[in-house]
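# Structural characterization, general
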2 protein chains.
Amino acid sequence: MSHLHSNTQINNINNMGIKDSNAFVIREHQFLFKMGDQLEGIYRVNSGSVKIFKTSESGNDQIIRFCMPGDLIGLDGLADGFSRSTVVTLETSNLTLIPFKSILNQDQSRDKNFDYPNFIHQLGVNFNHDIEYSMMLSQCADRRLAWFLINYSDGLKKRGQRANEFTVPMKRTDIALYLGMAVETLSRELATFCKRGLLKKYLRNIELLDIEEIRNIANGNEPQQQQEQKQQDIAA
Amino acid sequence: MSHLHSNTQINNINNMGIKDSNAFVIREHQFLFKMGDQLEGIYRVNSGSVKIFKTSESGNDQIIRFCMPGDLIGLDGLADGFSRSTVVTLETSNLTLIPFKSILNQDQSRDKNFDYPNFIHQLGVNFNHDIEYSMMLSQCADRRLAWFLINYSDGLKKRGQRANEFTVPMKRTDIALYLGMAVETLSRELATFCKRGLLKKYLRNIELLDIEEIRNIANGNEPQQQQEQKQQDIAA
DNA sequence: CGACTGGTTGATGACAGTCAACTGATGTGG
DNA sequence: CCACATCAGTTGACTGTCATCAACCAGTCG
């Protein structure tokens, strides 16, 4: 079984009313733009997937986000038109350019092709991801992995696809760079999840056998360690 | 020397054109809103400071962001009007409510009191913070601390304040929860920075003695360990 | 078939979390 | 104004998790 991806056309994703003339195809493992590039606008993923990452001065990469159909790319460019991140396609993808002028146009009512409320909604969704992702800073490896799996699965369900069995478009190294751990650690955690009967894996294909238990791990509600909820008084 | 804060009125912060009637004062250690609350809009910090945090199901807090004058609060509520995070003031603060209707109004040209381009700019700035913050996932304790110090210092400079000597409004526990480490680890790292002559501290007052060296640490360019920049081929 | 990339497993050491004790600062009531 | 309680911050000892280095296995491609 190969891990070629279906490039499924997603029909139930709001296309923000951008006319299709701005849509284009980009092949796998291509750069969309790099850190420091001046952007023409933001992009929306119609099909395929990309990874957004940032390279530190010391040359280490951190993957910030994987974008699936419906997701927006280049939001950090909203500050001044320059990107602080690099985007590479994971597979052949179809993207739509949403020019800054469509966004910044003071009188949106004139631009019928831009769905402004949905744009704002998407921004909120992105901030929510960032919050969830930030929570990982204090989480150990198994929770990070569990969170990734749940997050990925929930994303598929939202798009009307199978949520308990899927083929991920990224390699282990990418997932590890996303979760902030070594590839070896990720591999070991995956092996542990297998042994515990939580999932099955073959190459990039993953079948979640016990989603609720994985969700418990992600939420820190593991039954076996039974940590006593020490609610500290953070308000004070 | 007390660590009372000046509540400095910031004049060089763009107020987004929101009329002052929406401004209000909120005392220290008060909740602005909690996870799950329905919001009327987003808020802008005029003076003072707040912490934004999220509590996991297992009762652990993660501080997502500290907001200083000019910063926006409640952006995750843009998705559906409900907040996924809790906001508590660190000191007595002055905030301005920016109602969702001012933002979502299709025809911004009618609402002269809302500076839309600046709003978009601020969103980009927030995404940039989130990217920088995400980089911390794979960083060790000393880099996290260095990043925090540089980030805080740069923020002060941007507001026209002293960048090398300041008094932080948050306690050690807050900084530790923000950086995703134990308070003890933070304390030890601070001690190490002192011994290395990088900073002086007294209670919540911090004086940065060698900003460039701290910046080097944050960027992973520590001269003494001289890690060989193994540039891995992430694009492939 | 051989070379390469991607993925897994094992051994080891280092960094950081936890538990505990202690100090210093702040606040309260008598 | 002092005694006491409480909270914030620091330091020490120990342990566990995870990064690192290395070898190895599996799949893919020319």
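Definitions and limits used
- Residues numbered from 1 in each chain as written.
- Chains lettered and ligands numbered in written order.
- Predicted model: local features only at pLDDT ≥ 70, side-chain atom pairs only at ≥ 80, totals over all residues.
- Heavy atoms only, no water.
- Helix = DSSP H or I, 4+ residues; strand = E, 2+ residues; numbered from the N terminus.
- Contact = heavy atoms within 4.5 Å.
- Buried area = accessible area lost by both parts, 1.4 Å probe.
- Salt bridge = Lys/Arg side-chain N within 4 Å of Asp/Glu carboxyl O.
- Polar contact = N/O pair within 3.5 Å; in protein donor to acceptor, adjacent residues only side chain to side chain.
- Nonpolar A, V, L, I, M, F, W, Y, C, P; charged D, E, K, R; others polar.
- Phe/Tyr/Trp six-rings, centres within 6.5 Å; stacked < 30°, edge-to-face > 60°.
- Buried < 20%, exposed > 50% of the residue type's maximum accessible area, 1.4 Å probe, protein only.
- Near = heavy atom within 4 Å.
- Pairing = 2+ DSSP bridges.
- Least-squares fit on C-alpha atoms with pLDDT ≥ 70 in both.
- Axes fitted to C-alpha atoms, helices over the stretch in contact; angles between N-to-C directions.
- Parallel < 35°, antiparallel > 145°, perpendicular 65-115°, else oblique.
- Left-handed = near helix turned anticlockwise from the far one by under 90°.

On to the environment of Gly155 of chain A. On the secondary structure map, Gly155 of chain A appears in helix H3 (residues 141–158). Sequence separation of Gly155 of chain A and Met68 of chain A is 87 residues, and the distance between their C-alpha atoms is 8.3 Å.

Across the contact, 68 residues belong to chain B and 67 residues belong to chain A. Carbon and sulfur atoms supply 59% of the area buried between chain B and chain A, which totals about 5,900 Å² over both sides. Joining chain B to chain A, the criterion identifies two salt bridges. Here Lys54 of chain B makes a salt bridge to Glu132 of chain A, at a shortest N to O gap of 2.9 Å. The interface formed by chain B and chain A includes 13 residue pairs in polar contact (both at pLDDT 80 or more). Every element with two or more residues in the side of chain B that touches chain A is listed here: strand S4 (50–55), strand S5 (61–67), helix H1 (100–104), helix H2 (116–135), helix H3 (141–158) and helix H4 (172–179) of chain B. When residues of the side of chain B that touches chain A are assigned to their parent elements, the largest contribution, 17 residues, is made by H2 of chain B. The residue inventory of the side of chain B that touches chain A, partitioned by class, reads 28 nonpolar, 26 polar and 14 charged.

For the rest of this paragraph, the subject is the environment of Thr86 of chain B. Residues and elements named next belong to chain B. Tracing the sequence through the fold places Thr86 in strand S7 (residues 86–89). Put simply, Thr86 and Asp37 are 49 residues apart on the chain and 8.8 Å apart in space, counted from C-alpha to C-alpha. Excluding anything up to four places from it in sequence, Thr86 contacts Phe31, Phe33, Lys34, Met35, Lys51, Ile52 and Phe53. Within the local environment of Thr86, its side chain forms a polar contact with the backbone nitrogen of Met35, the two atoms lying 3.1 Å apart.

All names here are of chain A. For the coordinates displayed, the defined rule picks out 24 aromatic pairs over all chains. Between Phe24 and Tyr43 the ring centres are 6.1 Å apart and the planes differ by 80 degrees, which places this aromatic pair in the edge-to-face class. Residue Phe24 is located in strand S1 (residues 23–26), and its partner Tyr43 is located in strand S3 (residues 41–47); the two are separated by 19 residues in the primary sequence. For Phe24, a relative accessible area of 28% corresponds to the partly exposed category. We classify Tyr43 as buried; its relative accessible area is 9%.

This part covers the protein's contact with DNA strand C. Inspection of the region around DNA strand C gives 19 residues, with Lys171 and Arg188 of chain A together with Cys140, Ala141 and Thr185 of chain B positioned closest. For DNA strand C, the backbone portion of the atoms within 4 Å of the protein, that is sugar and phosphate, comes to 61%. The contact in question runs from a phosphate oxygen of DNA strand C to an N or O atom on the side chain of Lys201 of chain A, over 3.0 Å. At 3.1 Å, a side-chain N or O of Glu184 of chain B approaches a base nitrogen of DNA strand C. Looking at the surface near DNA strand C, its residues break down into seven nonpolar, three polar and nine charged.

Right, let's get into the sheet that holds strand S6 (residues 72–73) of chain A. Residue and element names in this part refer to chain A. The strand order across the open sheet built from four strands is S1-S8-S3-S6, with neighbouring strands paired in antiparallel fashion. Each having just a single partner strand, S1 and S6 make up the two edges of the open sheet. As paired elements, S1 and strand S8 (residues 93–99) share four bridges and run antiparallel to each other. Along S8, the bridge assignment pairs Phe24 with Leu95.

As a further point, take the relation of the copies chain B and chain A. Once turned by 180 degrees and shifted 0.0 Å along the axis, chain B lies on chain A with an RMSD of 0.0 Å. What the rotation and shift describe, once combined, is the action of a two-fold rotation axis. The share of interface residues of chain B whose copies in chain A are also at the interface is 99%, consistent with both copies meeting through the same surface.

Moving on to the protein's contact with DNA strand D. By nearness alone, 19 residues border DNA strand D, and Cys140, Ala141 and Thr185 of chain A together with Lys171 and Arg188 of chain B come closest of all. Atoms of DNA strand D within 4 Å of the protein: sugar and phosphate make up 61%, bases the balance. Within the side chain of Thr185 of chain A, one N or O atom sits 2.3 Å away from a phosphate oxygen of DNA strand D. The separation between a phosphate oxygen of DNA strand D and a polar side-chain atom of Lys171 of chain B is 2.8 Å. At the level of elements, helix H5 (183–195) of chain A together with H4 and helix H5 (183–195) of chain B are the ones that each hand at least two residues to the surface near DNA strand D. Taken together, the residues of the surface near DNA strand D sort by class into six nonpolar, four polar and nine charged.

All names here are of chain B. Note that Ser153 resides in helix H3. Residue class for Ser153 comes out buried when judged on its relative accessible area of 2%. Among the polar contacts listed, one links the side chain of Ser153 to the backbone oxygen of Ala163, at a separation of 2.6 Å. Residues in contact with Ser153, not counting those within four places in the same chain, are Ala163, Phe166, Leu208 and Ile211.

Here the focus is the packing of H3 of chain A against helix H6 (residues 211–218) of chain A. When two helices pack together, their arrangement is captured by the angle between the axes and the distance separating the axes. Residues and elements named next belong to chain A. Packing of H3 against H6 leaves a shortest axis separation of 8 Å and a crossing angle of 130 degrees. Taken together, the axes of H3 and H6 lie oblique to each other. The crossing of H3 and H6 is left-handed. The residues of H6 that touch H3, namely those facing Asp142, Arg143, Ala146, Trp147, Leu149, Ile150, Ser153 and Asp154, are Ile211, Ile214, Arg215, Ile217 and Ala218. Residues that form the contact of H3 with H6 fall into these classes: eight nonpolar, one polar and four charged.

Glancing now at the sheet that holds strand S4 (residues 50–55) of chain A. Residues and elements named next belong to chain A. Strands sit in the order S2-S7-S4-S5 across an open sheet of four strands; the sheet is antiparallel. Two strands bound the open sheet, and with one partner strand each, they are strand S2 (31–33) and strand S5 (61–67). In this sheet, adjacent strand axes meet at a mean angle of 30 degrees when their direction is disregarded. Two elements, S4 and S5, share six bridges in a ladder whose sense is antiparallel. For Thr55, the partnering residue across the bridge sits in S5 and is Asp61.

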